[in-house]
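# Coordinate analysis (summary)
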Amino acid sequence: MRSVKNICCIGAGYVGGPTMAVIAHECPEINVTVVDINPERIAQWNGDNLDELPIYEPGLKEIVAKCRDKNLFFSTDVEGAIDKSEVVFISVNTPTKTYGKGKGKAADLKYIELCARTIAKVAKSDKIIIEKSTLPVRTAEALKSILSNTGSGVNFEILSNPEFLAEGTAVNDLMNPDRVLIGGDNTPSGIEAKEVLSKIYEHWVPEERILKTNVWSSELSKLVANAFLAQRVSSINSISALCEKTDANIDEVSKAIGLDSRIGPKFLKASVGFGGSCFQKDILNLVYIARSLGLTEVADYWEQVIIMNDYQKSRFVDKIITSQYNTINGKRIVIYGWAFKKDTNDTRESAAIYVVDALLEENAEIIVYDPKVSEERIFADLDYLGTRDSSENRKRVTVANDPMEITKNAHAIAILTEWDEFKSYDWKTIYENMMKPAFVFDGRRLMTNSNLRQIGFEYYNLGEV
Ligand SMILES: NC(=O)c1ccc[n+]([C@@H]2O[C@H](COP(=O)([O-])OP(=O)(O)OC[C@H]3O[C@@H](n4cnc5c(N)ncnc54)[C@H](O)[C@@H]3O)[C@@H](O)[C@H]2O)c1
Ligand SMILES: O=c1ccn([C@@H]2O[C@H](COP(=O)(O)OP(=O)(O)O[C@H]3O[C@H](CO)[C@@H](O)[C@H](O)[C@H]3O)[C@@H](O)[C@H]2O)c(=O)[nH]1
C-alpha cells in the first residue's frame, strides 16, 4: 500500500482548516498543506495573533499553535501543494446556484470543477483525490471524467469522505467522530485507496467507526444525514407553534418524546429556525435531485422541511409585531446574537438575518450585539439580501459592543442566538434601562429558567404561552 507523506487540502474554510489541523495534530509524520485562492484567508491562518484566525472554534487555536509551520502549512500555492501530495482533499464551497439551470436549488459545482481541472493540469504522479465538500450524488463521476481525460498517464482514485462536523464543536467532533465515512470504487485500486485513507484516520479513530461504502452511498448519505437532522428541528418547531395555542410546553414535549429510545433526545430544541451554511443548501440540493429524477412526492416531502423553517422565522417576526400593538415603526429593538448558533462566528443563513430584515421592513430601529460577529459581517449579510440600499441599512442598524448600554430606551429585545453570556447579564438593570412595557422575545428559549416575568418583562418564550 502506498505510504502518505504529504497531504494537500484545497479550501482553507470552516471544514478544510479545522479538519487538516486535526489530521496534522494526530499524524505527526505527515505534512499537511492547506491551500486557498483567497490570500487574505491564508494570511489570517498564518497570522501571529492566534485570536485572529479566520475561524473561531473552541480548541482550534491551541492545535494550530502546536502544529503550524511544523507539519501544518497554509499557503496560496495551490499548484505546488497538489504536485507534491499523494492525497488531495477538496474542501471548497459548494453553495446553492444563484443563476441559470437549478438556480436557488442545485449545488453550484464551479469551484469543484476548477479544482479538478487544476489537479488534472498539475499532477505528474498518481494521486488519491478526496471529496470532502458536500456534493450531489454522482459528482465523483464528473470528477473522474475530467481527471481521466488528461492524457498524462497519471492515475487518480476518487473517494468520497464527507465531513459531519458541526460548527462550534468542530474540534471535538473531529477528534471523536460518531463515524468516518469513506466511499470509493470496489475495484482493487479503489479498495486500496479506501484503505490508505482509513489508515490516516486510524491514527485516532477506532477502526469500527470507519465505514467503507461505495462512492454513491457515501455522497448521498451526507445529504440525507443533514436532511434528517434539519427535519427534526422543523418537526419540533412545528409543534412549538401548536404549544403556543394549547398551553403545552415545548421543552416538556421534547423531553417526553425524546425519552423514547427510538426517538432519542438530540436535535429536539425548538428555535427561531435553523441556520448555517449546510442544512438549507443540502436539502435544496436533495429536493432538486429528487425532482430531476421525476420523484415529485419525494421532493415535496423534503421541501416541507424548508417551508416549515421559513414559517418559524416569519411567525417569530409576527409575534414581535403583534405583541407591540401591531406596530414597531420607529421602535428600538435590540438583537442579542447574530451567529447561526452559539460558539461560532459563522452567520451563513442565520435566522437573525431574515428576522432583522423583516423588522426593518416594518421601520424598526435595530441595534445588534453579538460577541463574535463583526460589524462588517452583519452589514454584508444584510446588504447581500438586497432588500434596501446598503446606506439605508447603515442608517437604520447599529452594531454595538456593549450589550447593556444598548438596552437604554429600547422597546424590546430579541434573543436570536443562544450565547451563554446572555444568561449572566444583569436583567434587572436591563429592565430599568428599557421603555415600558419592556418586551423580551426569546427565540432560543435561553431564559426559560430565569425570572424575567417576575422582574416585570413581557416575556415571550417560543413554544409556550
Ligand atoms: N461549514 C461546515 O460546518 C461544513 C460541515 C461539513 C461539510 N461542509 C461542506 O464542506 C464544504 C466546504 O465548506 P466550508 O464551510 O469549509 O466553506 P468555506 O466557504 O468556509 O471555505 C471554502 C474555501 O474554499 C476556497 N476555494 C474555493 N475555490 C477554490 C479553488 N479553486 N482553489 C482553492 N481554494 C478555493 C474559498 O476561497 C474558501 O476559503 C462545503 O461543501 C460544505 O457543504 C461544511
Ligand atoms: O435542536 C436543535 C439543533 C439545532 N438547531 C439549529 O440548527 C442549526 C444547525 O445546527 P448544527 O447542526 O448544530 O450546526 P451545523 O454546523 O450547521 O452542522 C450541521 O451541518 C454540518 C454541515 O453539513 C454537518 O456536518 C453537521 O453534522 C450538521 O449538524 C443551527 O441554527 C442550530 O441553532 C436547532 O434549532 N435545534
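Rules behind the numbers
- Residues numbered from 1 in each chain as written.
- Chains lettered and ligands numbered in written order.
- Predicted model: local features only at pLDDT ≥ 70, side-chain atom pairs only at ≥ 80, totals over all residues.
- Heavy atoms only, no water.
- Helix = DSSP H or I, 4+ residues; strand = E, 2+ residues; numbered from the N terminus.
- Rg over C-alpha atoms; globule rule 2.2 N^0.38 Å.
- Buried < 20%, exposed > 50% of the residue type's maximum accessible area, 1.4 Å probe, protein only.
- Contact = heavy atoms within 4.5 Å.
- Areas by Shrake-Rupley, 256 points an atom, 1.4 Å probe, with all protein chains shown as cover.
- Salt bridge = Lys/Arg side-chain N within 4 Å of Asp/Glu carboxyl O.
- Pairing = 2+ DSSP bridges.
- Right-handed = clockwise from strand over helix to strand, strands pointing away.
- 1 Å grid on protein atoms, 1.4 Å probe; cavity = no way out; pocket = protein on both sides within 12 Å on 5 of 7 lines; lining within 4 Å.
- Points joined across faces, edges and corners; volume = space filled by probe spheres on them.
- Nonpolar A, V, L, I, M, F, W, Y, C, P; charged D, E, K, R; others polar.
- Near = heavy atom within 4 Å.
- Polar contact = N/O pair within 3.5 Å; in protein donor to acceptor, adjacent residues only side chain to side chain.
- pLDDT = per-residue confidence, 0-100.

## Remarks on the overall build of the protein
- If you tally the helices and strands in the protein, you get 17 helices and 14 strands.
- Rg of the C-alpha trace for the protein: 24 Å, near the compact-globule value of 23 Å for 465 residues, within the 12% margin.
- Along the first, second and third principal axes, the C-alpha atoms of the protein reach 75 × 50 × 45 Å.
- Put simply, the protein has 465 residues, and 54% of those count as buried.
- Of all intrachain contacts in the protein linking residues separated by at least 6 positions in sequence, the fraction that spans at least 24 positions is 74%.
- Summed over its atoms, the accessible surface of the protein is roughly 20600 Å², and 51% of this surface lies on carbon and sulfur atoms.

## Regarding the pattern of salt bridges
- Applying the stated criterion across every chain, the model contains 33 salt bridges.
- Among the salt bridges present, the one from Glu-405 reaches Lys-408, with a minimum N-O distance of 3.3 Å.
- The class of Glu-405 is partly exposed, set by a relative accessible area of 44%.
- On the basis of relative accessible area, Lys-408 is assigned to the partly exposed category, the value being 38%.
- If you follow the salt bridges from partner to partner, you end up with Glu-195, Lys-199, Glu-202 and Lys-212 in one network.

## Brief notes about the pairing of strand β4 (residues 87-90)
- Residues Val-87 and Phe-89 of β4 are buried on one face, and the alternating residues Val-88 and Ile-90, pointing to the opposite face, are buried as well.
- Sheet analysis places strand β1 (residues 6-10) next to β4, joined by 4 bridges and oriented parallel. Residue Cys-8 lies in a different strand from β4, and its bridge partner there is Val-88.
- Pairing geometry for β4 and strand β5 (residues 127-131), over 4 bridges, is parallel. By the bridge assignment for β5, Val-88 is matched with Ile-129.
- One crossover worth recording links β4 to the parallel β5 by way of helix α5 (residues 110-122), and it is right-handed.

## With respect to empty space enclosed by the protein
- A complete count under the given rule lists 1 cavity of 30 Å³ or more for this structure.
- Put simply, the largest cavity is a space of about 30 Å³.
- As for the largest cavity, its lining consists of Glu-131, Ser-133, Leu-135, Ser-160, Pro-162, Glu-219 and Lys-222.
- Classifying every residue of the lining of the largest cavity gives 2 nonpolar, 2 polar and 3 charged.

## Brief notes about the site of ligand 1
- Around ligand 1, the surrounding shell holds 26 residues, and the nearest of these are Asp-36, Arg-41, Thr-94, Glu-167 and Lys-281.
- Measuring from an oxygen atom of ligand 1, one finds a side-chain N or O atom of Arg-348 at 2.9 Å.
- Burial of ligand 1 by the surrounding chains reaches 93%, relative to a free accessible area of 830 Å².
- Classifying every residue of the shell around ligand 1 gives 10 nonpolar, 9 polar and 7 charged.

## Describing the pairing of β5
- Counted residue by residue, β5 has 5 buried out of 5 residues, so it is predominantly covered.
- Neither face of β5 is open: one carries Lys-127, Ile-129 and Glu-131, the other Ile-128 and Ile-130, and all of them are buried.
- With 5 bridges connecting them, β5 and strand β6 (residues 156-160) associate as parallel partners. Within the sheet, the bridge partner assigned to Ile-128 lies in β6 and is Glu-157.
- For the segment spanning β5, helix α6 (residues 139-147) and β6, crossover handedness is right-handed.

## Remarks on the confidence of the model for the protein
- In the predicted model, the protein carries a mean pLDDT of 96, and the fraction of residues at 70 or more is 100%.
- Across the assembled chains, the prediction reports ipTM 0.97 with pTM 0.95.

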